[in-house]
Structures are given as structure tokens and as C-alpha cells.
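Chain and residue survey
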Amino acid sequence: MVSQPPSFTIAVASGKGGTGKTTVASSLALSLSGLVQTTEPGADAPLFLDCDVEAPNAHLFLKPELKERKEIGILIPQVDETRCSHCGKCSEVCQYHAIAVLGKKTLVFPQLCHGCGSCTLVCPEGAISEVLDVMGVLERGPAIGEIHFGRGVLDIGEPMAVPVIRQLKAWAKPQPGQWVVIDASPGSSCPVVEAIRGADFLILVTEPTPFGLHDLRLAAEMGRKLDLPAGVVINRDGIGGGSDGFGGRVEAYCKEQGLPVLLRIPFEREIAEGIAAGRNLVEIHPEMRASFIEMSSKIIGLTQTMIPKGALR
Amino acid sequence: MKIILSVTSPKLDSDLDPRFGRAAYYLIVDLDTMNWEAVENPALNASGGAGIQAAQFVTKHQCQAVLSGDFGPNAFNALKAAGVGMYLYGSASGVQQALDLFKAGKLEMLAAPTAAGHHG
């Protein structure tokens, strides 16, 4: 059993989509859960947060019973036209052009609003009040392996994922001593940054292909900007050619950047079929549980040594 | 009557720019005097809300009609609220032809947005 700080968060991101973030995150959580490993008496099974709120899929593998549900959104302006003098101060202050004064009318564009409240503050007539604009739901409940499962689901057509992720992380707070596994969305844009922000360690899942390497660079750069200690999991190990192909290039990149390769998952038909049927990697290959536990110990060790100088942690 | 056209370059014989919110330039034409002015689109590279900014530009210059090729949902709603008429270029090519067709009442007036919104 590895020693744990108050709570320890591992975020899983990738850059490229479809590299195996959820495969790695769900098997990591299961390996750390009571099903697989004896935890300290009283210690909670891991908290798992599916932060890919635009297309959450971890429930397919961890099969949670989503007992609790909460609608969430942001506060957007509502203009009282009887008090509005159409001075335009609200539209001047809005960075997102979500409120516009057009002649004798003031219009709000909810899908552009970030909910910052500036327009309400600057309105000299007190004509703006704030109303909740629902953009998604948060759900949580117990999953297999007694995992505490939480996820956010952004409503279809809503353009902004960040507020849902932020509120999911605030809603599903970890207990002392609990492991937290965060499954991020692909890419390296705002939703990913919001998902991985504040994590203790960042796992970057990649594959030895041109796209895998290209997007790994972007994701690694993002992790560096956030001062997160990071390591790499290579999935579909073996597809991109050996040491003289993309396999070799990914390894060389990791070495050059000081990114430890934490785990290699082989490219196998058996794994692909199992995942397609909703089975977890550690159920398909139970012997891999030991590798995931070993990886988590390695990660704890790395956070003692990898924290960049001057990092805001 | 003052109208606005979305164009690709700051001159009276410019090509038409089919996109309202993301046009390179706006041509403000006073149909009574035929005085004109070209203004660069300040929101050309805005990350979002270009159509809304363009609509505010139109009302700031007190234009009563806009001629363009496409209006997104935000621009459409903003211009509609401001009571500005929206007309489509259709087959018109060049500013002069668009102005002639408009004056002859032969440009289609818009009742619904022509393009889907862009977000992100």
C-alpha cells in the first residue's frame, strides 16, 4: 500500500481523441478500489470524475448507479427594459459580446455569456438582474468497485463546457486520503485545462502514430504551462513500427522532454473486443492490475521529485 | 436613406463579401447623395460575437438596411430587434449591381437567418 497525502488527484488527458483516456482512467480507478486491492480500514474507494462533459462515456465501463442529480448553469443578465436607458455601458464592458444595445433595445445572447456579472455591476440604472441559465446536469452515485462516480453532462447545443466541469469538481469533493481519478476530454483547450487544473499528477495517454505524437506534444506543453508533473502511457504499443518508426519517435520525445513512460498497453484484438463490449482493461487482463498499482506508486514517487521550481502548488 | 454593404475591399467598385459578421470591410452608402465611406471590420478576427458587433456597428451608423450574402442567427436577431432590414445579394456581383437591384426592389428581404451559428 502506497502512502497517501490528504487526497491525491491523477488527471488523465491525451491530446488526440480515442487514444484510451477512459480505458486508462477506469482501470486505474478500479485497480485502486477495494475490489482489487485491500485498502486501509475506513479508507474510501477512489472518486472518479468524468470531465468529458461534451461526450461522457466512462459510465459505460464503471456502470454507476446515478442516484443524485443536479441541474447547473451560469447566471446570465436579464434586462428590465422599463428601467434601461440604453446607455451601452453593459455592452462596452462585455468581453464576449453577449449583451448588445441596438437603438432602443438591449439584447442578451445567452450562448455567448460567460456569467461574469460585469454588466450587472456597471449598469447605472440597476436595470439588470441575474437569472440561472441551465446548461447541463451533474450526476453521481456508486459504481463497480465501490468507486464514487461523478460526471457532468452538457446539454446538447450548449457551447460552453467549462462551467459544468468547474461545478462538477466543486460538487464532488474528495474525502481525506481518497484517490481521485479525472477523465478529461481530448484536445488541449479550455475544457481540458479546467479538468486537469489543480491535479497532483497528469497522465498523458498516447499511441505511437503521427497523430498520437503530434497531439502528445500539444498536451505535454499544456501540462507544462500548468506546472503539472506528468508521465506518459503508451496505448496500442507496437502499431506505429518499432524503434525506427513512431514507437521510437514517441519514446525519443518522452526522453527528450523528461516525461517518464509509466505503462505500455499492447495492441491486441482481445483488448479491442473487450473494450467494445464495455469491459475494463483490468477485467480483460486481470494481471494488469498490478501494473496499474505499480504505476500509482511510481506517480506518488514522481510527485516528490518532479515538481518544477517555482510551481504554484 | 443610409445602407451598409459587406465588401472585400474599401472602394465603391469592390467585390461583395458574402459574410456579414466576418466581412473584410463595410461600405456605408447614402442613397440620397451617393456619398460613401468604407470602414474596416473591427470584429473580423473576433473569437465570437462578430455578427453582434457588426449589428451594433450598423445601428451606430444609423443605417436602415444591410445588404449581404449571409446572416447568422445572432446578427439576424440583433438587426431584427433594431428594426434594420436585411437583404440578400443573391446573384448580384459587385457593389453597383447590388445597389441597382436594391433600389429596384429586386433583392430578397430576409425573414430568417441564412447560416448556422459558430461557437467555441
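Each chain carries its own residue numbering, running from 1 in the written order of its sequence. Labels are handed out in written order, letters beginning with A for the chains and numbers beginning with 1 for the ligands. Reporting in this predicted model follows two pLDDT cut-offs: at least 70 for local features of residues, and 80 or more for side-chain atom pairs to be given and counted; totals over whole chains, interfaces and linings ignore these cut-offs and use all residues.

So, the overall build of chain A
The secondary structure listing takes helices from DSSP runs of H or I that are at least 4 residues long and strands from runs of E that are at least 2 residues long, numbered from the N terminus. Each helix and strand in chain A was counted, giving 11 helices and 11 strands. Considered along the principal axes of its C-alpha atoms, chain A spans approximately 70 × 45 × 40 Å. In chain A, 77% of the contacts between residues at least 6 apart in sequence involve partners at least 24 apart. By the convention adopted here, residues are in contact when the distance between their C-beta atoms, placed from the backbone, does not exceed 7 Å.

Some details on the overall build of chain B
Counting secondary structure elements, chain B contains three helices and six strands. Sequence-ordered secondary structure for chain B, helices as α and strands as β, is β-β-β-α-β-α-β-α-β. It is over C-alpha atoms that the radius of gyration is taken, and the globule rule equals 2.2 Å times the number of residues to the power 0.38. Computed over its C-alpha atoms, the radius of gyration of chain B comes to 13 Å, within 12% of the 14 Å expected for a compact globule of 120 residues. For chain B, the C-alpha atoms occupy an extent of roughly 40 × 25 × 25 Å along the three principal directions. Counting all 120 residues of chain B, 42% fall into the buried class. With C-beta atoms placed from the backbone, the exposure class of a residue follows from how many other C-beta atoms lie within 10 Å of its own: 20 or more, buried; 12 or fewer, exposed; in between, partly exposed.

So, the packing of helix H1 (residues 50-60) of chain B against helix H2 (residues 73-81) of chain B
Residues and elements named next belong to chain B. In this description, a line fitted to the C-alpha atoms serves as the axis of each element, helices being fitted only across the stretch in contact, and the angle between N-to-C directions of two axes falls anywhere from 0 to 180 degrees. As a packed pair, H1 and H2 sit with axes 8 Å apart at the nearest point and diverge in direction by 25 degrees. The pairing of H1 with H2 is recorded here as roughly parallel in orientation. With respect to the hand of their crossing, H1 and H2 are arranged in right-handed fashion. Listed contacts from H2 to Gly-51, Ile-52, Ala-54, Ala-55 and Val-58 of H1 are Asn-74, Ala-75, Ala-78 and Leu-79. Of the residues assigned to the contact of H1 with H2, the class counts are seven nonpolar, two polar and no charged. Between 65 and 115 degrees an angle is taken as roughly perpendicular, under 35 as roughly parallel, over 145 as roughly antiparallel, and anywhere else as oblique. The hand of a helix crossing depends on one turn: near helix anticlockwise from the far one by less than a right angle means left-handed, and clockwise means right-handed. Basically, the charged four are Asp, Glu, Lys and Arg, the nonpolar ten are Ala, Val, Leu, Ile, Met, Phe, Trp, Tyr, Cys and Pro, and anything else, Gly included, counts as polar.

Overview of the environment of B:His61
With respect to the helices, strands and loops of the structure, B:His61 is situated in the loop between H1 and strand S4 (65-68). When near neighbours in sequence (up to four residues on either side) are disregarded, B:His61 contacts B:Lys2, B:Ile4 and B:Ile28.

Re the nonpolar core
Think of a nonpolar core as buried Ala, Val, Leu, Ile, Met, Phe, Trp, Tyr and Cys residues chained together by C-beta atoms that fall within 7 Å. The biggest cluster of nonpolar side chains holds 124 residues, and the ones touching the most others in it are A:Val12, A:Ile182 and B:Val66. At six residues, the largest contribution of residues to this core is made by helix H1 (residues 21-32) of chain A. As used throughout, domain bounds are those supplied by an automatic or database domain assignment. When residues of this core are assigned to domains, at least three map to each of domain 1 (7-64 + 135-306) and domain 2 (74-133) of chain A. Setting aside residues no more than four positions away along its own chain, A:Val12 makes contact with A:Lys21, A:Val24, A:Ala25, A:Val181, A:Ile182, A:Asp183, A:Ala184, A:Ile203 and A:Val205.

Looking at the sheet that holds strand S6 (residues 128-142) of chain A
Where strands meet in a sheet, backbone hydrogen bonds hold them as pairs that are either parallel or antiparallel. Residues and elements named next belong to chain A. By the convention used here, strands pair only if DSSP detects at least 2 bridges between them. Taken in spatial order, the nine strands make up an open sheet running S3-S6-S7-S2-S8-S1-S9-S10-S11, and their pairing is mixed. Edge positions in the sheet fall to strand S3 (68-79) and strand S11 (261-266), since each has one partner strand and no second. Going across the sheet, the axis of each strand differs from the next one's by a mean of 20 degrees, ignoring polarity. The pairing of strand S2 (residues 47-50) with strand S7 (residues 148-154) spans four bridges and is parallel. Within S7, the position partnered with Phe-48 by the bridge is Phe-149. Contacts between helix H5 (residues 162-171) and the sheet are confined to S2, S3, S6 and S7, with S6 contributing the most and set at about 55 degrees to the helix.

What to know about the pairing of strand S3 (residues 36-40) of chain B
All names here are of chain B. Examined bridge by bridge, strand S2 (residues 25-30) and S3 share five bridges and lie antiparallel to one another. Bridged to Leu-27 within S3 is Ala-38. Hairpin geometry of S2 and S3 is characterised by an intervening segment of five residues between the two adjacent antiparallel strands and by a positive phi of about 60 degrees at Met-34.

Some thoughts on the sheet that holds strand S6 (residues 108-109) of chain B
All names here are of chain B. With respect to topology, six strands assemble into an open sheet ordered S3-S2-S1-S4-S5-S6, the strand pairing being mixed. Of all the strands in the sheet, the pair left with one neighbour each is S3 and S6. Sheet strands in contact with helix H3 (residues 95-103) are strand S1 (2-7), S2, S4 and strand S5 (85-88), and its direction is about 140 degrees off that of S1.

Here's the deal with H3(B)
All names here are of chain B. Turning to H3, its buried residues number three or more, namely Val-95, Ala-98, Leu-99 and Phe-102. Buried residues of H3, seen end-on, are gathered within an arc of 100 degrees and therefore sit on one face of the element. Tucked into the core, H3 has its buried residues touching S1, S2, S4 and S5. Of the residues flanking the end of H3, it is Gly-105, one or two places downstream, whose phi is positive at about 70 degrees. The arc in question is traced by the directions running from the helix axis to the C-beta atoms.

Quick notes on H1(A)
All names here are of chain A. Taking 1.5 Å as the rise per residue, H1 with 12 residues should run 16 Å; its terminal C-alpha atoms sit 17 Å apart, in good agreement. Burial analysis of H1 places 12 of its 12 residues in the buried class, the great majority of the element. Listing the buried residues of H1 in full gives Lys-21, Thr-22, Thr-23, Val-24, Ala-25, Ser-26, Ser-27, Leu-28, Ala-29, Leu-30, Ser-31 and Leu-32. For a helix, the expected span equals 1.5 Å multiplied by the residue count minus one.

Side note on the pairing of S7(A)
Residues and elements named next belong to chain A. Within S7, seven of the seven residues are buried, which leaves it mostly tucked inside the rest of the structure. By the alternation rule, side chains of S7 split into His-148, Gly-150, Gly-152 and Leu-154 and Phe-149, Arg-151 and Val-153, which are all buried. Pairing of S6 with S7, which is carried by seven bridges, proceeds in the antiparallel orientation. Following the sheet pairing, Arg-140 is matched in S7 by Gly-150.

Quick word on the domain arrangement of chain A
Segmentation of chain A into domains returns domain 1 (7-64 + 135-306) and domain 2 (74-133). Domain 1 of chain A and domain 2 of chain A are separated by 39 Å when their C-alpha centres are compared.

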